[in-house]
Amino acid sequence: MTEFEKPSPYPDQPSPARMYDYYLGGSHNFEIDRQAADRVIAFFPNMRYAARANRTFLQRAVTFVTEEGVDQFLDLGAGIPTEGSVHKTAHAKNPRARIIHVDIDPVAIAESQRILADMPGVTPMVANVSEPDTILNHSETQRLLDFKRPVAVLMVALLHFVTNDHELYRIIQTFREAIPSGSYMIITHVSYIEGITSDPTVDQVESVYAKATQGFKIRTRDQVVKCFEGLEVVEPGIVDTVHWRADSTAEKPDLSYFLAGVARKP
Ligand SMILES: C[S@@+](CC[C@H](N)C(=O)[O-])C[C@H]1O[C@@H](n2cnc3c(N)ncnc32)[C@H](O)[C@@H]1O
């Protein structure tokens, strides 16, 4: 596989953004990312499948809220906006939809700038989700999004990289309070499935991400459910990504271990 254009300085740590790109079969990653991602795959062989299941959930969820009339998206932890990303999915339904892709990874955002160059209504932004006010008050956010009308806030496969529980709920609360009634929050989070997820696997995966630019923390179902507090979760509730309004014909798809939900602010 050829390296994509090398940034300077060359990264000396794997990043979740580029590892995820590798799971999805993309080319926006470096040897250091591939080695770390391959270690995760060795501990959790379904990782590529789980990443694809998460991405296809994202597409179904964005299509759903677009059909509900939402045309503004704040995509937090957006990653590299390749196939099936938020702007492509939203634009397929509404070419006038506005999207801000936020990510902490400067390499991912540099790639986004290249991919999104001159695309009206779509802006990449380097920012840390742990600083919600910086994102909400950013001049691009103010320019592109109208917080008097419904906005969809996406935190898809992001929150397990926020390892402090107190910070996790503070972040969600700040975004929830910033959006008006009729807005949506779309969340997925890696979670234990009682009796299935083994502790050694979790420890091994967490140990790989401990050496990456962002740590990783798996949470219980109750902890994930708490992310949706104050919101009305739409049917079918908070379920594995593969069970959220799936159009797959597979009768019993493998679980992805990503819990997913779409919720409306009353
Ligand atoms: C697994 S990817 C998910 C990408 C996309 N949301 C999806 O589900 O297809 C997680 C992304 O979250 C980003 N991320 C992790 N911690 C972050 C933080 N504190 N602030 C902003 N982005 C963060 C990573 O850089 C990575 O691109």
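Owing to the predicted nature of the structure, the values given are computational and were not obtained by experimental measurement.

J.: Whenever I open this one, the overall build of the protein chain confuses me. Can you help?
T.: Across its full length, the protein chain holds 10 helices and 8 strands. Relative to the 2.2 N^0.38 estimate, which gives 18 Å for 266 residues, the radius of gyration of the protein chain is 17 Å and therefore close to what a compact globule would have. Oriented by its inertia axes, the alpha-carbon framework of the protein chain measures out at about 45 × 45 × 40 Å. The long-range share in the protein chain, meaning contacts at least 24 apart out of those at least 6 apart in sequence, stands at 70%.

J.: Help me understand the site of the ligand, please; the structure alone is not making it clear to me.
T.: Near the ligand there are 19 residues, and of these Y20, R55, G77, D103 and N128 occur at the shortest range. In the environment of the ligand, an oxygen atom lies 2.7 Å from a nitrogen or oxygen atom belonging to the side chain of R55. With respect to the ligand, the side chain of N128 contributes an N or O atom lying 2.8 Å from a nitrogen atom. Put simply, the ligand lies in the largest pocket. Secondary structure elements with two or more residues in the shell around the ligand: α1 (16-23) and α3 (47-67). Element by element, the count of residues in the shell around the ligand is highest for α3, at 3 residues. Taken together, the residues of the shell around the ligand sort by class into 11 nonpolar, 5 polar and 3 charged.

J.: What am I meant to see in helix α4 (residues 86-93) here?
T.: At 3.6 residues per turn, the α-helix brings residues three or four places apart onto the same side. Every buried residue belonging to α4 is among V86, H87, T89, A90 and H91, and all of these are buried. Contact partners of the buried residues in α4: α3, β1 (72-76), β2 (98-103), β3 (122-126) and β4 (152-156).

J.: Would you mind showing me how to read the packing of α1 against α3 here?
T.: How two helices sit against one another is set out by the angle between their axes and by the gap between those axes. The interhelical angle for the contact between α1 and α3, taken along N-to-C directions, is 100°, at an axis separation of 8 Å. Here α3 runs roughly perpendicular to α1, going by the angle between their axes. Facing α1, whose interface residues are Y20, Y22 and Y23, α3 presents M47, R48, A51, N54 and R55. Partitioning the contact of α1 with α3 into residue classes produces 5 nonpolar, 1 polar and 2 charged.

J.: Even after reading the chapter, I still don't get the nonpolar core, so can you show me in this structure?
T.: What tends to happen in soluble globular proteins is that the nonpolar side chains get buried as a cluster. Counting residues in hydrophobic clusters, the biggest one holds 32 residues, and the most contacted among them are L74, L76, V153, M155 and F175. Of all the secondary-structure elements, those providing two or more residues to this core are β1, β2, α6 (132-137), β4, α8 (165-178), β5 (184-190) and β8 (258-264). Ranked by residue count, the leading element in this core is α8, at 5 residues. Core analysis: the next-biggest nonpolar cluster, separate from the first, contains 24 residues, L58, I99, L116 and V234 among them.

J.: Teacher, can you tell me more about the layout of surface pockets here?
T.: Empty space among the atoms becomes visible once a probe the size of a water molecule is rolled across them. Size it by volume and the largest pocket reaches roughly 800 Å³. At the level of secondary structure, the elements contributing two or more residues to the lining of the largest pocket comprise α1, α2 (31-43), α3, β2 and α9 (199-209). Residue classes in the lining of the largest pocket are distributed as 30 nonpolar, 14 polar and 5 charged.

J.: Where do I start with α3 in this structure?
T.: Compared with an ideal rise of 1.5 Å per residue, which puts 21 residues at 30 Å, α3 spans 30 Å between its outermost C-alpha atoms and is within 8% of the ideal. Within two residues after α3, G69 carries a phi angle of roughly 105°, on the positive side.

J.: Where do I start with the pairing of β2 in this structure?
T.: Two faces belong to every sheet, and in a regular strand the side chains alternate between them. By the criterion of burial, β2 is predominantly enclosed, with 5 of the 6 residues buried. What joins β1 to β2 is α4, and the crossover it makes is right-handed. Of the pairings in the sheet, the one linking β2 to β3 comprises 5 bridges and is parallel in character. The residue of β3 that forms the bridge with H101 is P124.

So, how was this worked out
- Residues numbered from 1 in each chain as written.
- Predicted model: local features only at pLDDT ≥ 70, side-chain atom pairs only at ≥ 80, totals over all residues.
- Heavy atoms only, no water.
- Helix = DSSP H or I, 4+ residues; strand = E, 2+ residues; numbered from the N terminus.
- Rg over C-alpha atoms; globule rule 2.2 N^0.38 Å.
- Contact = heavy atoms within 4.5 Å.
- Near = heavy atom within 4 Å.
- Polar contact = N/O pair within 3.5 Å; in protein donor to acceptor, adjacent residues only side chain to side chain.
- 1 Å grid on protein atoms, 1.4 Å probe; cavity = no way out; pocket = protein on both sides within 12 Å on 5 of 7 lines; lining within 4 Å.
- Sits in = over half its atoms within 2 Å of the grid points.
- Nonpolar A, V, L, I, M, F, W, Y, C, P; charged D, E, K, R; others polar.
- Buried < 20%, exposed > 50% of the residue type's maximum accessible area, 1.4 Å probe, protein only.
- Axes fitted to C-alpha atoms, helices over the stretch in contact; angles between N-to-C directions.
- Parallel < 35°, antiparallel > 145°, perpendicular 65-115°, else oblique.
- Core = buried A, V, L, I, M, F, W, Y, C linked by side-chain atoms within 4.5 Å.
- Points joined across faces, edges and corners; volume = space filled by probe spheres on them.
- Expected span 1.5 Å × (residues − 1).
- Right-handed = clockwise from strand over helix to strand, strands pointing away.
- Pairing = 2+ DSSP bridges.

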